[in-house]
Amino acid sequence: MSQPLSSKPPTTIFGSVPPPHWTILFLLFLCTLGFYTLHLPSSAAAFSNVRNALRFHKIYLSFATNATVSAYLQALTLHPHLAGTQPALQTARYVQSHFADLGLRTHTVEYRALLSYPLHASLSAHFSDGSARELPLVEPGGAGAEVVRPYHAYSPSGAVAGAQAVYVNKGREEDYLALRKAGVDVKGCVAVVRRGEESRGGVVARAAREGAVVVLMYTEGERVSGVERGTVMKGLGDPLTPGWGGVEGGEALNLEDSQIFDRFPKIPSMPISPEVAYSILRSLEGPQMPHHWWSNALGPKLVGVGPGPTVLNFTYQGEKKMATIHNVFAVIRGSEEPDRFVLLGNHRDAWTYGAVDPNSGTAVLLDIARRYALMIRQGWQPRRTIVLCSWDAEEFGMIGSTEWVEQNLLNLGSKVVAYLNVDCAVQGPGFFAGATPQLDNLLIEVAKKVKDPDSVGMTIYDNWMITNKVINIQRLSGVDSDFAPFLQHAGVPSVDLYYGRDFPVYHTAFDSYNWMTNYGDPLFQRHVAVAGVWGLLALHLADDTILPFNYVSYAEQLRNYTNLLHTLVKGNVSLDPIAASIQEFASAAEEAEEESMKLREEESNSQFLVLKKRTLNDRLMLAERSFLDADGLQGRPWFKHLVYGPPGDSESKLVFFPGIADAISASTRMKRKEGEAAIQHEVWKVARAIERASSALRGGIFTEKWS
């Protein structure tokens, strides 16, 4: 049953929080028990279900068609569709109609969110030879009236006249230190920044602390075209509803609230083209640029870093305004465990046309829906419920997905098996995957079943091994895409998939269907490969009688993290609490894996065995939640995961244990004993979280194994 875009969310996982009363929960348990008592299939039927699931996995792969994915992408990228605009609403309707036309049950959930748009900008330069000229702030070659002009979302408005330009390389702490050593003072200057690994917002915030009055940011690369748009807001989600969903008529903070004000930069910033940046940098004098800051595009000789003598006049006027955003869902109800959910998610909004980011992923999601619908017509129904999620306003700070997670936190925490994310499905060659470690083995097994798009007669796994020599599955500590709220706030096991590391038209007007057909994936074979991996992962998680989670991999990863931490922690800080908790966790993980193997071999579907499998699955599903801390990270309470999350110090080298990373960074500004005590406290917090995970895997409230 399809619902119109204006409908209110139903009171399920798509709506309000369920009743908290323990009596109701107990009654629900009794109902579940009764359901399995009345509707248990025979052992022969159970064996048949397993074979049927494997048969449908092969059928799923056989339904691949490159041309279909290509057609979806072409339709999605006919017009730019920036969140909060009319074209964005039309794109939401296109996705919803696609789901509904396939016969899938659809839902749309709306939120009111604070978004940011440009109104006017100008930049002019006055050079030492007395010449002056206007510098273009539009896309080289012209991008068309439909495309929003380059800007940084949530940049404050402002104007500066006669400010000297200074080059600060990537705007890192080490770059400002090098400038200070050279006698360069950036106070009152316009900082020209080369885009690096750090977030835009972090770079602008540091420039403001150093006394700069404006930041001009460019992206450098051999084939870079256009100007890279992006957000400079700190944190995730709608800034006016931190921690709760921004529903119509609900609570929203005032823009002047201190915690809201702190999420926005204090000085204006603007993305500029490399050509504009080079014209400024070549005119600078002052101390010579360090050799490792130089690039071929600047010319044959090193130039100065400034300040000046070139001076710049800059104005920017933007507006922050409330807009309606739309998350679109398609639901395939599970036959045996309809209250357990496997989520596949991709964001739909784009800065411009979005052929790579994000609609290569959207096209794949639509194709997965098509394949699943065909399977349904052949008699397939998943064991657990599958939900296809199309998020809005990700580019502004994962707003659509974050609002939905915040609104449904309790239901997600108790019912969601895993979240599988694809943002830019195809950026170029090379398969990359990120995951929480208990999903490593599943990822590897699925990669063995999907044909490699770039090598005849090989699987993705084969090429993965040849290219990397080892299977390198990344971890999800960054805030790169919509997996962040699911893992780092709700503790849901997560995966992120994509082809290609970087692409030269990122967030520019040239991220178009033409670019994809000429460079990114002309035959759409990589799109089909992503659909194969993404869809099969979901089928295993939805259909396998025992969830394919292996926490032995998690224990090994935690040991590796602790070994690395030993090289960074000095003084009287002891890592023994973490080491001891990991040892216990490894034991619990091995026990859970052994139990899983035994139960997978059981073909009987007696009432006792079904409930035993259900209980084990719940333990496997909920163990990840144990790594959450109710109070969140120190000074950043929204981030609650103690193993995976971004460090508060953007220059921290630690990509795990974010609380410990923050304490290590903060200790450099404390007395030695205070710093060591702060680090030790975070060590204990992580140790307790790992102990909780051990208890969750064993299923008891006492230290011994639950039986």
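Right, let's walk through the structure included here.

Cut-offs and rules
- Residues numbered from 1 in each chain as written.
- Predicted model: local features only at pLDDT ≥ 70, side-chain atom pairs only at ≥ 80, totals over all residues.
- Heavy atoms only, no water.
- Buried < 20%, exposed > 50% of the residue type's maximum accessible area, 1.4 Å probe, protein only.
- Helix = DSSP H or I, 4+ residues; strand = E, 2+ residues; numbered from the N terminus.
- Contact = heavy atoms within 4.5 Å.
- Right-handed = clockwise from strand over helix to strand, strands pointing away.
- Pairing = 2+ DSSP bridges.
- Disulfide = S-S within 2.5 Å.
- Phe/Tyr/Trp six-rings, centres within 6.5 Å; stacked < 30°, edge-to-face > 60°.
- Lys NZ or Arg CZ within 6 Å of the ring centre and 35° of its normal.
- Core = buried A, V, L, I, M, F, W, Y, C linked by side-chain atoms within 4.5 Å.

## What to know about helix H10 (residues 399–407)
With 9 of 9 residues buried, H10 is to be regarded as a mostly interior element. Within the span of H10, buried status applies to Ile399, Gly400, Ser401, Thr402, Glu403, Trp404, Val405, Glu406 and Gln407. In the core, the buried residues of H10 are packed alongside strand S1 (105–126), strand S9 (311–332), strand S10 (337–347), strand S11 (384–391), helix H11 (409–415) and helix H14 (483–489).

## Some thoughts on the pairing of strand S6 (residues 214–218)
Along S6, 5 of the 5 residues are buried, which leaves the element largely enclosed by surrounding structure. Alternating residues of S6 divide into Val214, Leu216 and Tyr218 and Val215 and Met217, and every residue in both groups is buried. A crossover connection joins strand S5 (residues 190–194) to the parallel S6 through helix H6 (residues 200–209); in handedness this β-α-β unit is right-handed. Across 3 bridges, the pairing between S6 and strand S8 (residues 269–271) is parallel. Following the sheet pairing, Met217 is matched in S8 by Pro271.

## Concerning the state of the cysteines
Scanning the model with the defined rule gives 0 disulfides in all. Take Cys389: it sits in no disulfide, and the sulfur closest to it among the cysteines is that of Cys424, at 18 Å.

## What about the environment of Val193?
By the secondary structure assignment, Val193 is in strand S5. For Val193, a relative accessible area of 1% corresponds to the buried category. Spatially, the C-alpha atom of Val193 lies 19 Å from that of Ser157, the residues being 36 residues apart in sequence. Those residues within four positions of Val193 in sequence are excluded, and the remaining contacts are Val168, Asn169, Lys170, Gly171, Val203, Val215, Leu216, Met217 and Tyr218.

## A few points about the environment of Leu298
For Leu298, the position within the fold is in the loop between helix H8 (274–281) and S9. Separated by 17 residues in the primary sequence, Leu298 and Leu281 have C-alpha atoms spaced 7.6 Å apart. Not counting chain neighbours up to four residues away, the residues in contact with Leu298 comprise Tyr278, Leu281, Arg282 and Met289.

## Things to note about the packing of aromatic side chains
All chains considered together, the criterion is met by 34 aromatic pairs. Judged by centre distance (5.7 Å) and plane angle (90°), the ring pair of Tyr167 and Trp293 falls under edge-to-face. Here the residue Tyr167 occupies a position in strand S4 (residues 158–167), and Trp293 occupies one in the loop between H8 and S9, the gap between them amounting to 126 residues. Take Tyr167 and Trp293: they sit in the same class, and that class is buried. On the basis of an interplanar angle of 10° and a centroid distance of 4.0 Å, the ring pair of Tyr419 and Phe486 is categorised as stacked. Taken together, the residues Tyr419 in strand S12 (residues 416–426) and Phe486 in helix H14 connect sequence positions 67 residues apart. A residue is classified by how much of its surface remains accessible, and Phe486, at 0% relative accessible area, is buried. The rings of Phe549, Tyr551, Tyr554, Tyr561, Phe585, Phe627, Tyr644, Phe656 and Phe657 are connected pair by pair, giving a single aromatic cluster. The residue whose ring lies beneath Lys320 is Phe264, and the NZ or CZ to ring-centre distance is 5.0 Å.

## Side note on the nonpolar core
If you look at the biggest cluster of nonpolar residues, it comprises 211 residues, and the most contacted ones within it are Leu115, Tyr372 and Phe396. In terms of residue count, helix H16 (residues 525–543) provides more of this core than any other element does, 11 residues in total. Residues in contact with Tyr372, not counting those within four places in the same chain, are Tyr60, Ile332, Leu344, Trp380, Ile386, Leu388, Gly535, Ala538 and Leu539.

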